[in-house]
Structure formats: C-alpha cells, structure tokens
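So you can see what is in the structure, the chains are spelled out below.
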Amino acid sequence: VQLQASGGGLVQPGDSLRLSCGTSKGDFFNTAVSWFRQAPGSEREFVSGINYDGTNTAYSDSVKGRFTISRDNAKNTVYLQMNNLNPEDTAVYSCAAVSSTLRRVRLRPSSYDFWGQGTLVTVSS
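Participant: Would you mind going over the sheet that holds strand 7 (residues 67–72) with me for this structure?
Facilitator: Strands pair in a sheet through their backbones, by hydrogen bonds, and they do so in one of two ways: parallel or antiparallel. Pairing is antiparallel in the open sheet, where 4 strands are placed in the order 1-3-8-7. Each edge of the sheet is formed by a strand with only one pairing partner; in this case those strands are strand 1 (2–6) and strand 7. Taken pair by pair, the neighbouring strands of this sheet meet at an average axis angle of 20°, ignoring direction. In the sheet, strand 1 pairs with strand 3 (residues 17–25) via 5 bridges, with the strands oriented antiparallel. The partner of Ala5 across the bridge, within strand 3, is Cys21.

Structure representation (structure tokens):
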C-alpha cells in the first residue's frame, strides 16, 4: 500500500482544514488507518485513527471534539476533518496504515507498516 496525504496548508486560528489520505497503489481493504503529527523539535504523536470498517475511532485528548476521522472505502480514502485549529496544531501530518481487522485502534507508530509522505499544517495569525 502506498499512501498519499494531502490537504495541508496555512490557516488562521479558528479555521478548518480537511486532510485526505489516499492510496496510489493498493487499497484500504481490511486496513486500519491513523493520522500522526510531528511538530518541529517534538516527537511524532498519535492524532486519530479508524479501524478497518469504520466502526471504531480514537482521538488524542488534544484534538478530541475538534477533529473527526472518517473513511470511504469505496474511494480508498481516509479523511481528517480539523475544526477550530489553533497554533498548537501546527505540524507535519502523516497517515499510516496496517492490515488489521481488529476493532481497536493502535496508537503507536511502530504498529503501522505503511506510511505516506507528510502534509504540512500551519496555523498562524
């Protein structure tokens, strides 16, 4: 599976963005997908994840209530809707995938086998 993340950009505090994670090779059949982010000087952190059939999702405390993850398996795309962005959300966002039919969402980067290139989100006034 080759992943492609897109949708990043420069926005102001309070604005919204929608990130997309698609595949250029392979598909998302029986695949769990998560978003991670890494700010300069910081470690990569889990943001949100969705299991293979979309019946379970997970969010970090810092984005809960503001971000929503969803998937369209027919389009082989996972979305991350980000609302009410703040400067602390500034980071490179990457999507990751792993073949899994587990209900639970894996939180550690080491649990994922496939990674896309990152897309930069900058929140600044």
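Participant: Would you explain the pairing of strand 5 (residues 45–50) in this entry?
Facilitator: Consecutive side chains along a regular strand alternate between the two faces of the sheet. Burial of strand 5 is extensive: 5 of the 6 residues sit out of reach of the surface. As judged from the 5 bridges shared by strand 4 (residues 31–38) and strand 5, these two strands associate in the antiparallel manner. Across the sheet, the residue bridging to Arg37 is Glu45, located in strand 5. In textbook terms, the turn of a hairpin is the stretch between consecutive antiparallel strands, and for strand 4 and strand 5 this stretch comprises 6 residues, one of which, Gly41, has a positive phi near 75°.

Procedures and definitions
- Residues numbered from 1 in each chain as written.
- Predicted model: local features only at pLDDT ≥ 70, side-chain atom pairs only at ≥ 80, totals over all residues.
- Heavy atoms only, no water.
- Pairing = 2+ DSSP bridges.
- Helix = DSSP H or I, 4+ residues; strand = E, 2+ residues; numbered from the N terminus.
- Axes fitted to C-alpha atoms, helices over the stretch in contact; angles between N-to-C directions.
- Buried < 20%, exposed > 50% of the residue type's maximum accessible area, 1.4 Å probe, protein only.

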